[in-house]
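Read off the chains here:
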Amino acid sequence: MTRVRHGWLIAAIALAAAPLRAAEDPVEVVVTAAKRAEARLDVPASIARLDAPELRLLGAQHASEALNRVAGVMVQRGSGQESLTAIRSPVLAGPGACGAFLLLEDGMPLRPVGSCNVNEVFESDTGLARAIEVIRGPGSALYGANAVHAIVNVVSPGIEDLQPARIALEGGSNDFRRVSFGAARGEANSGIGAWGSFTHDGGWRADSPVDDGKLSLLHQRHWRDGELRLRLVGTVLNQETAGFIRGLDSYRVPSIARSNPNPEAFRDAWSTRASASWHAEPGCDGCTTDLRLMLRRSQMQFLQHFLLGKPLERNGQDSVSASALWARPIASSRTLRWRAGIDLELADGWLQEIQSGPTLEGSAAARAIRPAGRHYDYTVDSATLAAYGVLDWQPVPRLEVAASLRADLTRYDYDNRMRDGNTAEDGTTCAFGGCLYSRPADRRDEFADLTPRLSLSWSAGAADRLYLAATRGFRPPEATELYRLQRQQRVADLDSERLASVEAGWRHETPRQGWSLAAFAMRKANVILRDADGFNVGDGRTTHHGLEYEYRLRLGQSWQVTAAGTFARHQYDFSRSIDGGETIVSGRDVDTAPRQLHRLALAWRLATRWDAELELQQVGPYFADAANLARYPGHALANLRLAWSPQPWLRGTLRVSNLMDRAYADRADFAQGDWRYFPGRGRSAFIEFEYLHAAP
């Protein structure tokens, strides 16, 4: 009960505080919901925005440090840059976990449909972003596949956001070193720019160093009455991976927490993206034209140290994504406006899984069904075509109604480059009923989805907005769920996962204080999972309901209190025995789904010289298994950040994470009869010095 009281205490402190003095802040503007700049107050959805000053002080080394500041979000940090995500959902793991969240960069998906990676957020430069925007719940009609539980959009800087020259050097605990830089030439939002970072992290666990590099090039100019942006991005990641530690509460033992049971594990990945976007708002009120094109390539290889035999996986994709959006008022009407758009995506993907030697772990049966050699070797050519329309109507001065409908058609062409079935690579039949790995014959799969949305938004005054929204989201099965089969399964008869959501919210924004409250109820069908026979099936169902809050309060000219959190319940809505010997029972909590998440922060800003923040984050208890028999008690952490600018061109920043040096688990899981953890890092300190060369 103590942890529950603490959660309510954080919420009560935030909501009961009284404003003291007003400050002159500009209206917060967001871009993700409608692919255009609009006031956050006017958006009938749960959208949060982390802006550049907040991200600059944070200096995140991992995307979780930024995203976990948002209500309803819990990103669990794995080893290095790995992660598992929960946004208005339980923490999702497995091949299709990433498909539940649409990850964007400047409004364009990082990966093609069906080819996501659960860790793909490391391909985006969250540390040097202009902003990060999170829409909780299913996406609007402007976004299609994978916008199921949330959308995360990383907004990159424009020429107007970059200094003529900037360089920052940072160092700290566990041999952490980072250099970040930026430069720009031009004026009036036109010119060329570059920014990036190179990081070495020695790793606080044994044999777990990480090297990470990101580079962005930008050309921006005014062209044909609109803004044209041409951008080239490259990322590279080389990490030695630390695996789970095992044993009840082993994360509390420093020597075990720092150990690495899998020193042989690694992950190497790289990606490149070239994009062009043109956005124009012609003279008519409410007119918008938005055109976008992105070319993407990525490859990755990693050792699957968590599997018997430890096979190596290699995968990659080449893809092109294009979109067009038009918005216009309906002729002679001041209360009606339409928006329409099309999206097109083509991708070539491939995957190989190769085991270098015989399986040495496990029982005789487990070793026999996992032969050396290639397990999978296939390509998937995919194509997605989508069209959508939105009608905005203002029947009375303060009421706005928006109705939208989107249609998506996705096709996969799968080519198996090995023998069909579940033999070894050379055709040999495994003992004990056949080899574990099963390869379907060449095939084509198509998925058609319709996603409607209806929202009502009421302006209760200049500072208040009430809204009600009903939305559907979907994701087609991932290629790995369709074609990476096991045992005797020859065909995975899967349909798109679909989520229906109803949400009601109240948002209040003034210079002195602001809040956002949202209540939601969601039901997800066709949930894909692996059953007790090892088959990929799609008949799961879950329900999700809860309350989220965000609060901001100015105390005088220099102090600010912010709070964010969620009270939620995520439950199974079906019963079934699943892979790994677990049994799902309808009505029980989905595993790794805390019912409470809270954040409270006190910030102090003195003109341009001082910037400080003391932050408290709390993760409530959660069940670590589907049977709800194993329970992680949760944890609370404190973080401190302090920046000082003695001169306009010089800034020093001190960051201390886990200030109280608490022992905790970033991830707790109970599987195969034992606890396993990704332990959380102890108290760590980092110092950064930043030099800015401003324009004369």
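One numbering rule holds for all chains: residues counted from 1, following each sequence as written. Where local features are concerned, this predicted model is filtered to residues with pLDDT of at least 70; where side-chain atom pairs are given and counted, the filter is 80 or more; whole-chain, interface and lining totals use all residues. The side-chain values count all of the structure's non-hydrogen atoms but skip hydrogen atoms and water molecules.

Participant: Where do I start with the overall build of the chain in this structure?
Facilitator: In terms of helices and strands, the chain carries six helices and 40 strands. Our radius of gyration is a C-alpha quantity, and the globule rule it is checked against amounts to 2.2 Å times the number of residues to the power 0.38. Rg of the C-alpha trace for the chain: 25 Å, near the compact-globule value of 26 Å for 696 residues, within the 12% margin. In terms of overall dimensions, the chain has C-alpha extents of about 75 × 60 × 50 Å along its principal axes. In the chain, once contacts between residues fewer than 6 apart in sequence are set aside, the share between residues at least 24 apart is 65%. Accessible surface for the chain amounts to roughly 28300 Å². Of this, 59% is attributable to carbon and sulfur atoms. A run of H or I in DSSP becomes a helix once it reaches four residues, and a run of E becomes a strand once it reaches two; helices and strands are each numbered from the N terminus. In this analysis, two residues are considered to be in contact whenever any of their non-hydrogen atoms come within 4.5 Å of each other. Each accessible area value is a Shrake-Rupley result obtained with a 1.4 Å probe; residue values ignore everything except the protein chains displayed when judging cover.

Participant: Sorry if this is basic, but what is going on with the side chain of Arg465 here?
Facilitator: Within the secondary structure layout, Arg465 lies in strand 24 (residues 464–475). Distance and chemistry together define a polar contact, namely a pair of N or O atoms within 3.5 Å, with one atom able to donate a hydrogen and the other to accept it when in protein, and with adjacent residues in sequence counting only for side-chain atoms on both sides. One polar contact links Arg465 to Asp42, side chain to side chain, over a distance of 2.8 Å. Within polar-contact distance, the side chain of Arg465 engages the side chain of Ser457 at 3.0 Å. Dropping the residues within four chain positions of it, Arg465 is found in contact with Leu41, Asp42, Glu400, Ser457, Trp458, Ser459, Gly505, Trp506 and Arg507.

Participant: How should I be thinking about the environment of Ser684 in this particular structure?
Facilitator: With respect to the helices and strands, Ser684 occurs in strand 40 (residues 684–693). Here the alpha-carbon distance between Ser684 and Arg651, two residues 33 residues apart in the chain, equals 20 Å. Residues within four places of Ser684 in sequence aside, it is in contact with Ser173, Asn174, Arg655, Val656 and Ser657. Side-chain polar atoms of Ser684 contact the side chain of Arg681, separated by 3.4 Å.

Participant: Sorry, what's going on with the packing of aromatic side chains here?
Facilitator: Each aromatic ring pair is described using two quantities: the centre-to-centre distance and the angle formed by the ring planes. Within 6.5 Å between ring centres, the rings of Phe, Tyr and Trp (the latter by its six-membered ring) count as paired, and their orientation is classed by plane angle as stacked under 30 degrees, edge-to-face over 60, tilted in between. For the structure on display, the rule yields 21 aromatic pairs. Here the aromatic rings of Trp223 and Trp278 are separated by 6.2 Å at their centres, their planes lie at 75 degrees, and the arrangement is edge-to-face. Linking Trp223 in strand 13 (residues 210–223) with Trp278 in strand 16 (residues 266–280), this pair joins segments that are 55 residues apart in sequence. Residue class for Trp278 comes out buried when judged on its relative accessible area of 17%. An aromatic cluster of at least three residues, connected via ring pairs, comprises Tyr251, Tyr622, Tyr632, Phe670, Trp675 and Tyr677. The rule for a charge over a ring is simple: NZ of Lys or CZ of Arg within 6 Å of the ring centre, and within 35 degrees of the ring normal. When the ring centre of Tyr143 is taken as origin, the NZ or CZ atom of Lys35, which lies over that ring, is 5.3 Å away. Between the NZ or CZ atom of Arg267 and the centre of the ring of Phe302, over which it lies, the distance is 4.5 Å. In this scheme, a residue with accessible area under 20% of its type's maximum is buried, one over 50% is exposed, and one in between is partly exposed, where area comes from a 1.4 Å probe on protein chains only.

Participant: Is there a simple way to explain the pattern of salt bridges in this structure?
Facilitator: It is possible for side chains bearing opposite charge to pair when their charged atoms get close. One side-chain nitrogen of Lys or Arg within 4 Å of one carboxyl oxygen of Asp or Glu is enough to make a salt bridge. With the rule as written, the count across this model stands at 65 salt bridges. Across the pair Arg569 and Asp589 runs a salt bridge, and its minimum N-O distance is 2.5 Å. Of this pair, Arg569 sits in strand 29 (residues 559–572) while Asp589 sits in the loop between strand 31 (583–584) and strand 32 (596–606), and the two are 20 residues apart along the sequence. Residue class for Asp589 comes out buried when judged on its relative accessible area of 3%. The residue Glu613 makes a salt bridge to Arg599 at a minimum N-O spacing of 3.2 Å. Of the two residues, Glu613 sits in strand 33 (residues 610–619) while Arg599 sits in strand 32, which places them 14 residues apart along the sequence. The class of Glu613 is buried, set by a relative accessible area of 6%. Residue Arg599 is classed as buried on the basis of its relative accessible area, which comes to 5%. Salt bridges linked by common partners bring Glu28, Arg40, Arg88, Arg136, Glu503, Glu509, Glu548, Glu550 and Arg552 together as one network.

Participant: Looking at this structure, I do not really get a nonpolar patch on the surface. What am I missing?
Facilitator: Residues enter patches when their relative accessible area tops 30% and they take part in no salt bridge; the joining distance is 9 Å for like charges and 5 Å for the nonpolar side chains Val, Leu, Ile, Met, Phe, Trp and Tyr. A cluster of nonpolar side chains, contributed by Leu291, Trp326, Ile330, Trp338, Ile342 and Leu391, occupies part of the molecular surface with about 480 Å² of accessible area. Following the sequence through the fold, Trp326 ends up in strand 18 (residues 312–329). When its relative accessible area of 33% is taken as the criterion, Trp326 is described as partly exposed.

Participant: Just checking my understanding: could you explain the state of the cysteines for this structure?
Facilitator: By definition, a disulfide links the sulfur atoms of two cysteines through a covalent bond. Any two cysteine sulfur atoms within 2.5 Å of one another count as a disulfide. Counted according to the given criterion, the structure contains two disulfides. The disulfide partner of Cys98 is Cys116, and the S-S distance across this bridge is 1.9 Å. Sign of the S-S torsion, about 65 degrees for the bond between Cys98 and Cys116, identifies this disulfide as right-handed. On the criterion of sequence distance, the pair formed by Cys98 in the loop between strand 5 (83–87) and strand 6 (101–105) and Cys116 in the loop between strand 7 (108–109) and strand 8 (131–136) is long-range, its members being 18 residues apart. The same class applies to Cys98 and to Cys116, which are both buried.

Participant: Would you take a moment to explain the sheet that holds strand 15 (residues 245–246) for this structure?
Facilitator: To summarise the sheet geometry, strands pair through backbone hydrogen bonds and adopt either a parallel or an antiparallel arrangement. Strand order in the open sheet made by the three strands is 15-39-38, with antiparallel pairing throughout. At either end of the open sheet lies a strand with only one pairing partner, and these are strand 15 and strand 38 (665–671). Any two strands with at least two DSSP bridges between them are considered paired. As judged from the six bridges shared by strand 38 and strand 39 (residues 674–679), these two strands associate in the antiparallel manner. By the bridge assignment for strand 39, Ala668 is matched with Tyr677.

Participant: Before we go on, may I ask you to explain the pairing of strand 18 in this structure?
Facilitator: Across a regular strand the side chains alternate sides, sitting on one face of the sheet and then on the other. Where strand 17 (residues 288–303) lies against strand 18, 16 bridges are found, and the strand directions are antiparallel. Considered in strand 18, the bridge of Arg292 is made with Ser323. Relative to strand 19 (residues 336–355), strand 18 is paired through 18 bridges, and the arrangement is antiparallel. Across the sheet, residue Ala324 finds its bridge partner in strand 19, namely Ile342. Once strand 18 ends, the chain turns through six residues before running back antiparallel as strand 19, passing Ser332 with a positive phi of about 65 degrees.

Participant: Honestly, the nonpolar core in this entry has me stumped. Any pointers?
Facilitator: The tendency in soluble globular proteins is for nonpolar side chains to be buried side by side. Counting 25 residues, the largest nonpolar core has Leu67, Val73, Ile87, Ile132, Val134 and Val152 as the members making the most contacts within it. Contributing elements (two or more residues each) for this core: strand 3 (46–51), helix 2 (52–58), helix 3 (63–67), strand 4 (73–77), strand 6, strand 8 and strand 9 (150–155). For Val152, the residues in contact, after removing those within four places along its chain, are Leu67, Ile87, Leu102, Leu103, Leu104, Ile132, Glu133 and Val134. We call a set of buried Ala, Val, Leu, Ile, Met, Phe, Trp, Tyr and Cys residues a nonpolar core when their side-chain atoms join them within 4.5 Å. In terms of nonpolar packing, the next biggest core, distinct from the first, is built from 20 residues, Val113, Tyr412, Leu482 and Ala492 among them.

Participant: I tried to follow the side chain of Glu120 on my own but got confused; where do I start?
Facilitator: Along the chain, the position of Glu120 falls in the loop between strand 7 and strand 8. Buried and unpaired, Glu120 has Arg111 as its nearest opposite-charge partner, separated by 4.9 Å. Looking at Glu120, its side chain comes within polar contact range of the main-chain nitrogen of Asn117, at 2.8 Å. When neighbours within four sequence positions are excluded, Glu120 is seen to be in contact with Cys98, Leu103, Leu110 and Arg111. When charges are counted, Lys and Arg contribute as positive and Asp and Glu as negative, whereas His and the chain ends are disregarded.

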